[in-house]
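Per-entry structural report
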Amino acid sequence: MDRRDDDLVRASELSQYAYCARAWWLGRVMGYRSANVEAMNAGTARHRAHGRSVEGAYRLQRLALALLVLAAVVLAVALAVWLSATLGG
């Protein structure tokens, strides 16, 4: 942790403090590491993977919307051409 991180209080720290102020103090002030570091690292990796999945879903949603707009434009142009040929011809 560098000096800038020392001044930063994360939401997880607030949660830890609310759950057990002593545990927060032992980790933050005294520098003791948690006994379940492997589980916390696995949880962090799962959260990152989930975040990537959510971002992928947002990208697909935007692509679907763009394709829907494109289809509507193509349909409108095709309808205009068909009406022009039918009524004008």
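Predicted model only: the values in this text are computed from it and were never measured.

1. Observations regarding the overall build of the protein
- Looking only at helices and strands, the protein has four helices and zero strands in total.
- Helices (α) and strands (β) of the protein occur, in sequence order from the N terminus, as α-α-α-α.
- Here the protein has a C-alpha radius of gyration of 28 Å; the compact-globule value for 89 residues is 12 Å, and the former is much larger.
- In terms of overall dimensions, the protein has C-alpha extents of about 85 × 25 × 25 Å along its principal axes.
- Within the protein, the 7 negative side-chain charges are centred at a point lying 6 Å from the centre of the 11 positive side-chain charges.

2. Examining the pattern of salt bridges
- Counted under the stated rule, the structure contains one salt bridge.
- Its salt-bridge partner being Glu 13, residue Arg 28 comes within 3.2 Å of it at the nearest N-O pair. One end of the pair, Arg 28, is in helix α3 (residues 21-28); the other, Glu 13, is in helix α2 (residues 11-19), with 15 residues separating them in the sequence.
- Relative accessible area serves as the criterion here: at 23%, Arg 28 is assigned to the partly exposed category.

3. Some words on the confidence of the model for the protein
- Scored by pLDDT, the protein comes out at a mean of 89, with 92% of its residues at no less than 70.
- Per-element confidence in the protein ranges from a low mean pLDDT of 59 for helix α1 (residues 3-6) to a high of 95 for helix α4 (residues 37-88).

4. Focus: the packing of α2 against α3
- At their nearest, the axes of α2 and α3 sit 5 Å apart, and the two run at 130° to each other. It follows that α2 is oblique to α3 by the angle criterion. Here Glu 13, Gln 16, Tyr 17 and Tyr 19 of α2 come into contact with α3, specifically with Ala 21, Ala 23, Trp 24 and Arg 28.
- Class assignment for the residues of the contact of α2 with α3 results in five nonpolar, one polar and two charged.

5. Thoughts on a nonpolar patch on the surface
- Taken together, the side chains of Leu 65, Leu 68, Val 69, Val 73, Val 77 and Val 81 define a hydrophobic patch exposed on the protein surface, amounting to about 560 Å² of accessible area.
- Inspection of the secondary structure assignment puts Val 81 in helix α4.
- Val 81 sits in the exposed class, given a relative accessible area of 53%.

6. Considering the environment of Tyr 32
- Topologically, Tyr 32 is positioned in the loop between α3 and α4.
- A C-alpha to C-alpha distance of 77 Å links Tyr 32 and Leu 83, two positions 51 residues apart in sequence.

Each value, and the rule that gives it
- Residues numbered from 1 in each chain as written.
- Predicted model: local features only at pLDDT ≥ 70, side-chain atom pairs only at ≥ 80, totals over all residues.
- Heavy atoms only, no water.
- Helix = DSSP H or I, 4+ residues; strand = E, 2+ residues; numbered from the N terminus.
- Rg over C-alpha atoms; globule rule 2.2 N^0.38 Å.
- Lys, Arg positive; Asp, Glu negative; His and termini not counted.
- Charge placed at Lys NZ, Arg CZ, Asp CG, Glu CD.
- Salt bridge = Lys/Arg side-chain N within 4 Å of Asp/Glu carboxyl O.
- Buried < 20%, exposed > 50% of the residue type's maximum accessible area, 1.4 Å probe, protein only.
- pLDDT = per-residue confidence, 0-100.
- Axes fitted to C-alpha atoms, helices over the stretch in contact; angles between N-to-C directions.
- Parallel < 35°, antiparallel > 145°, perpendicular 65-115°, else oblique.
- Contact = heavy atoms within 4.5 Å.
- Nonpolar A, V, L, I, M, F, W, Y, C, P; charged D, E, K, R; others polar.
- Patch = residues over 30% accessible without salt bridge, like charges linked within 9 Å, V, L, I, M, F, W, Y side chains within 5 Å.
- Areas by Shrake-Rupley, 256 points an atom, 1.4 Å probe, with all protein chains shown as cover.

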